[in-house]
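Each chain, letter by letter, is given below.
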Amino acid sequence: MVDDSEKLLTSFESRLWILTKKPQREDDWINNDDDITINNNGERYFNITSDEFFSNIFSSINVLSKVELETAQETGDLYGPIWVTATVIFILFFSNTGAHKLNNWLSGSDESYEYDFALFTGAISLLYGYTVVIPIFLYVVSVFYFKLIGFLSLTKIVSIYGYANSVWAPAAILAMFRGFFSNGFISSVILWAAVLIGGGISGAAILSKLYPIIRNAAVASDNGKLKTIYLVVLILAHIGFTIGVRSILIL
Amino acid sequence: MSGWKPVSVDPNEADDFDLGQDLIEPDVEPPQSTSAKAKTSQPTQQNPQLASSSDHNNNSFFNFTSFTAPKIDLSNTLNPILQKEQVKELRFSGGDTLDEPVWKTLQRDIHSIGIKLFSVIWPASLSKLAKVQQHNLLIYARNTGVNLGINYDEVTNNLENDISSTIDDSDLKKLDWDLWGPLVFILLFSVIVGVLSPTTSNSVVFSGVFTLIWVTFAIIAINIQLLGGTISFFSALSTTGYALFPLLISATVSIFVKLFLVRFLLFVVFVSWSIYAATLNLKVNGVLPGRIFLAIYPVGLVYATLGWLCVIT
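Residues numbered from 1 in each chain as written. Chains lettered and ligands numbered in written order. Predicted model: local features only at pLDDT ≥ 70, side-chain atom pairs only at ≥ 80, totals over all residues.

## Topic: the overall build of chain B
A tally of helices and strands in chain B yields 14 helices and zero strands. For chain B, the N- to C-terminal ordering of α and β elements is α-α-α-α-α-α-α-α-α-α-α-α-α-α. Counting across all 313 residues of chain B, residues that qualify as buried make up 33%. (Helix = DSSP H or I, 4+ residues; strand = E, 2+ residues; numbered from the N terminus. Buried ≥ 20, exposed ≤ 12 C-beta atoms within 10 Å, placed from the backbone.)

## Brief notes about the environment of Leu106 of chain A
All names here are of chain A. Inspection of the secondary structure assignment puts Leu106 in helix α4 (residues 79–107). Residue classification places Leu106 among the exposed positions, given that 12 C-beta atoms sit within 10 Å. Along the backbone, Leu106 and Ser182 are 76 residues apart, and their C-alpha atoms lie at a distance of 8.7 Å.

## Quick word on the confidence of the model for chain B
Low pLDDT means the predicted atomic positions in that stretch should not be read closely. The predicted model of chain B averages 75 in pLDDT, with 64% of residues at 70 or higher. This complex was scored by the predictor with a pTM of 0.71 and an ipTM of 0.74. (pLDDT = per-residue confidence, 0-100.)

## So, helix α11 (residues 233–242) of chain B
In an α-helix, one full turn covers 3.6 residues, which means residues spaced three or four apart are oriented alike. Residues and elements named next belong to chain B. Counting buried positions along α11 gives eight out of 10 residues, so the element sits mostly inside the fold. Listed as buried for α11 are Ser235, Ala236, Leu237, Ser238, Thr239, Thr240, Gly241 and Tyr242. Those residues of α11 hidden inside the fold are in contact with α5 (102–121), α9 (180–196), α10 (202–226), α12 (245–256), α13 (260–285) and α14 (292–312). (Contact = placed C-beta atoms within 7 Å.)

## Examining the nonpolar core
Phe189, Val193, Ile224, Leu244, Leu247, Val287 and Ala295 of chain B are the most contacted members of the largest nonpolar core, which has 62 residues in total. Counting residues per element, the ones that place at least two in this core are α6 (127–144), α9, α10, α11, α12, α13 and α14 of chain B. The element contributing the most residues to this core is α14 of chain B, with 14 residues. Those residues in contact with Phe189 of chain B that sit more than four places away from it in its chain are Ile213, Leu244, Leu247, Leu248, Ala251 and Leu306 of chain B. Among the nonpolar cores identified, the runner-up in size contains 43 residues, and Ala123, Tyr130, Ala169 and Ala194 of chain A belong to it. (Core = buried A, V, L, I, M, F, W, Y, C linked by C-beta atoms within 7 Å.)

## A word on the UniProt feature "transmembrane region" (unreviewed entry) in chain B
Residue and element names in this part refer to chain B. UniProt records the feature "transmembrane region" (unreviewed entry) for residues 179–197, 204–227, 233–253, 260–280 and 292–312 in the present numbering. Taken end to end, residues 179–197 is 89% helix and 0% strand, and its first and last C-alpha atoms sit 27 Å apart. With 96% helix and 0% strand, the stretch residues 204–227 has end C-alpha atoms that lie 35 Å from each other. (UniProt positions renumbered as here; feature names shortened; annotations may be inferred.)

## Some thoughts on the UniProt feature "transmembrane region" (unreviewed entry) in chain A
Within the UniProt annotation, "transmembrane region" (unreviewed entry) is assigned to residues 78–97, 117–146, 158–177, 189–207 and 228–249 of chain A. For residues 117–146 of chain A, helix accounts for 97% and strand for 0%, while the C-alpha atoms at its two ends are 41 Å apart.

## What about the packing of helix α5 (residues 117–145) of chain A against helix α6 (residues 154–164) of chain A?
All names here are of chain A. Following both chains from N to C, one finds α5 and α6 inclined at 140 degrees, their axes separated by 9 Å at the closest point. Classified by the interaxial angle, the pair formed by α5 and α6 is oblique. Seen along the crossing, α5 lies across α6 with a hand that is right-handed. Residues Thr131, Val132, Ile134, Pro135, Ile136, Leu138 and Tyr139 of α5 form the contact with α6, whose participating residues are Leu154, Ile157, Val158, Tyr161 and Gly162. Residues of the contact of α5 with α6, tallied by class, amount to 10 nonpolar, two polar and no charged. (Axes fitted to C-alpha atoms, helices over the stretch in contact; angles between N-to-C directions. Parallel < 35°, antiparallel > 145°, perpendicular 65-115°, else oblique. Left-handed = near helix turned anticlockwise from the far one by under 90°. Nonpolar A, V, L, I, M, F, W, Y, C, P; charged D, E, K, R; others polar.)

Below is the structure:
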């Protein structure tokens, strides 16, 4: 296959390159820091392992843990934003249809529930839209308009927003249990609890990672008011997003 | 797949490639002196006197026969580069499929489809092969310096010696990709979902589901390829498509069974079967050891979505 011969060639070329570098020890080239196989543009953003993926998710759910300051050089991975968001969309769909199914099953009503593809497309545009559009807006405004120094890279911001979505998965499963109650009050309490947990934790995860950077950048560019404006805009955007997710849950 | 291909170019002479002279094989056999000279395994450049003494048209390297059956001993020249790998020289053995009966061609395709289908129905048959392949990929990753979250210092230095059994290349050849499985299974699956759909617009649901599955499978295959390893795009597409088979069974059953609880249990069983089969197949086809979960997770997500579609309709 063409692909394999290319892979073979890359490994072959990289070895030649290593030979010209003349390592001190025999093992030196094995743990080389500059990653020689990652020359492809796409593969750079998918260069993570399973363990790193899980630690990213836990650090975004456990907002009370100490946050390591992100550095401007980090690229961040795009695996998380794409697939964590896809998971949340699937679970929102699952939760919505599952709640109706449970309710019908327990109340013994025979009316068949027909799912709605608008739910699917709406969830896709809301979640992917928020995860991509807000970071692009944030990046463009900070780097090209305010010309902040030491700001994060675009992919890193997308990565932060994407991993922050992960808390919506348990929240949506919690929302599914409202199907057990035909009582309107209890089910709406459960729904609100789920929405507040999801919105609150994901917002805290985003801000705890972004705010230190924004504050440092604002201080560095002698514009103290800027950090307050950023904070207000980001929080308002997140509240809007949370309300949007709630409307998908009850659709 | 991931087997080492023979490298049939001598770096000493690779720069002198000039195919203009000797594209046509000479009618007369090369004189005895040339073949005797080639047996000494010394490149001709180093004995110019010997080369000039023979017929000047009959340069031993640019002879056509030297392309089909190279006589240069690569294992010596490449030794400093390929430290522990073996270099084999193989004749081209593509085989002749022009003259064979059509039935034989079809039979070969059906046989290869059957083998891949069996590897999905009984995934445990691949477990040994998967283990060996993962070990090979670990060696590959160590040699090329891919980040797998493993400290290669802690892994024993002689990974090459740890390997208990070597793989037969033909085992991998049998699992070579094709798109018959994905085509047939996706087609059948969309027909079933279209028939199951509650509305009158069966054809819209059929075409929508058919397109959606192909697009998501393509995205999954790109994702797997971007994660690295030796797997190719079509190999990933083929693997995930063949592993759709258990879901097809679940969809077929749900035509006849309307009970929600039974459908849900079937959903759980058959989706986990699909995911297990896809995992082992991806391991064999060359996903890197530390990234198996990352490769299989989106696949499982799509299988779960498709299965759930059958449960709720």
